[in-house]
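Working through the structure, step by step
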Amino acid sequence: MHVRTEAPTPAGSGDDTVTEAILLVGGKGTRLRPLTARTPKPMVPAAGVPFLTHQLARARAAGVEHIVLATSYLAEVFEPYFGDGSSLGLSLEYVTERDPLGTGGAIRNVASRLDSGPDDPVLIFNGDILTGLDIRALVRTHASSGADVSLHLTRVEDPRAFGLVPTDANGRVTAFLEKPQTPEEIVTDQINAGAYVFRRSVIDSIPEGRPVSVERETFPDLLAAGAHLQGMVDSTYWLDLGTPQAFVRGSADLVLGRAPSPAVPGQCGERLILPTATVAPDAKLTGGTVIGPSARIGEGARIAGSAILDGAIVEPGAVITNSLIGAGARVGARAVLSDTVVGDGAVVGADNELRQGVRVWCDAVLPAGAVRFSSDV
């Protein structure tokens, strides 16, 4: 494991330049099904464009020029959509894993595509995190501290579902603690937020050709070898989009402007209606709702905090709250959906009532009035 031994860059040198990045987009998105049954998680639309678009645009805004995408699940869909990246002002390359390699293995698997020298910084981020991270500030922290790896940390109220990352008074990481089970184990509210700056030589030291977890193997091994791992706390906005409810919330927050992105295709506000969508004049759209291309919203429909994807149809009088309606799906008249995901091509017949995390699979058909959560009045 490579550990830098020369003196660190003096504090205050302030270099915030990073031109290369690795984006990890190989996960299957199992927790998001049926959203990911036909579409890899980073390509599911959020605020009108594939979620990956927001991440690429934010990296470009921070000065990144070259990004290597580490793909695996449904890898064939990325390049036809983004091409060489020139439309975003980027140079994009794609590397597909034959077998799942974990986060560290995926990073190592694309290292040969990097142009950076041994001591140059490389930005690495996960394809399922929506964040307001100040990328330049993380790079400055990396440069001024002379770290081998710098980590974006965020604070959460309940860290039991996450790995804890305590730091000393200077922000240097002191340990990596797996998900705590008792109050005594909760020694910090700081967690690994899924974005890093690596010294290029550290990437090259990750074992090649086998699964490696940066969280469980690379980072602890670096600490044990005496490497300098620096944490930077930035809690401006952070959301793990691993569940359908979180994904819907993230899309709404992008539309509302709570989550920053230069890629939102329109002005932020209560609603975002994409070109070619049709919305009845008396339909009410609120809470960051997005209506995708060619979607149709019927008379008297009320939609709050939801995403209606391409070509979906919401019939008159339907009420949809905090839900996602897949591409080409149909929600029948007077149906009531709350915290629900309807897969691509599915049909929810009239007068159904779906609540509390119900998932309707792709192409499934619910007859009219088939499901209710309340008594029929």
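Residues numbered from 1 in each chain as written. Predicted model: local features only at pLDDT ≥ 70, side-chain atom pairs only at ≥ 80, totals over all residues. Heavy atoms only, no water.

**Focus on helix α1 (residues 51-61)**
In terms of burial, α1 is a largely internal element, 9 of the 11 residues being buried. Residues of α1 that are buried: Phe-51, Leu-52, Thr-53, His-54, Gln-55, Leu-56, Ala-57, Arg-58 and Ala-59. Positive phi appears at Gly-63, one or two residues downstream of α1, with a value of about 105°. (Buried < 20%, exposed > 50% of the residue type's maximum accessible area, 1.4 Å probe, protein only. Helix = DSSP H or I, 4+ residues; strand = E, 2+ residues; numbered from the N terminus.)

**Some words on the nonpolar core**
Judged by nonpolar contacts, the single largest core of 29 residues is most densely connected at Phe-198 and Phe-219. Those elements that place two or more of their residues in this core are β1 (20-25), β4 (66-71), α3 (102-109), β6 (121-126), β8 (149-155), β9 (190-199), α5 (200-205) and α6 (214-224). Phe-198 has contacts with Asp-120, Pro-121, Val-122, Ile-124, His-142, Asp-148, Val-149, Ile-203, Ile-206, Val-214 and Phe-219, leaving out every residue within four places of it along the chain. Counting residues in each nonpolar core, the second largest holds 27 residues, with Val-18, Ala-59, Leu-138 and Ala-195 among its members. (Core = buried A, V, L, I, M, F, W, Y, C linked by side-chain atoms within 4.5 Å. Contact = heavy atoms within 4.5 Å.)

**Quick word on empty space enclosed by the protein**
Enumeration according to the criterion identifies 2 cavities of 30 Å³ or more in this entry. In this structure, the largest cavity encloses a volume near 190 Å³. Forming the walls of the largest cavity are 17 residues, and the residues nearest its centre are Gln-55, Arg-58, Phe-125, Ile-129 and Thr-131. When contributions to the lining of the largest cavity are tallied by element, the ones reaching two or more residues are α1, β6, β7 (129-131) and β9. In terms of residue count, the dominant contributor to the lining of the largest cavity is α1 (5 residues). Looking at the lining of the largest cavity, its residues break down into 10 nonpolar, 6 polar and 1 charged. Estimates place the volume of the second largest cavity at around 40 Å³. Taken together, Pro-45, Gly-48, Val-290, Gly-292, Pro-293, Ile-308, Leu-309 and Asp-310 make up the full set of residues lining the second largest cavity. Partitioned by chemical class, the residues of the lining of the second largest cavity number 5 nonpolar, 2 polar and 1 charged. (1 Å grid on protein atoms, 1.4 Å probe; cavity = no way out; pocket = protein on both sides within 12 Å on 5 of 7 lines; lining within 4 Å. Points joined across faces, edges and corners; volume = space filled by probe spheres on them. Nonpolar A, V, L, I, M, F, W, Y, C, P; charged D, E, K, R; others polar.)

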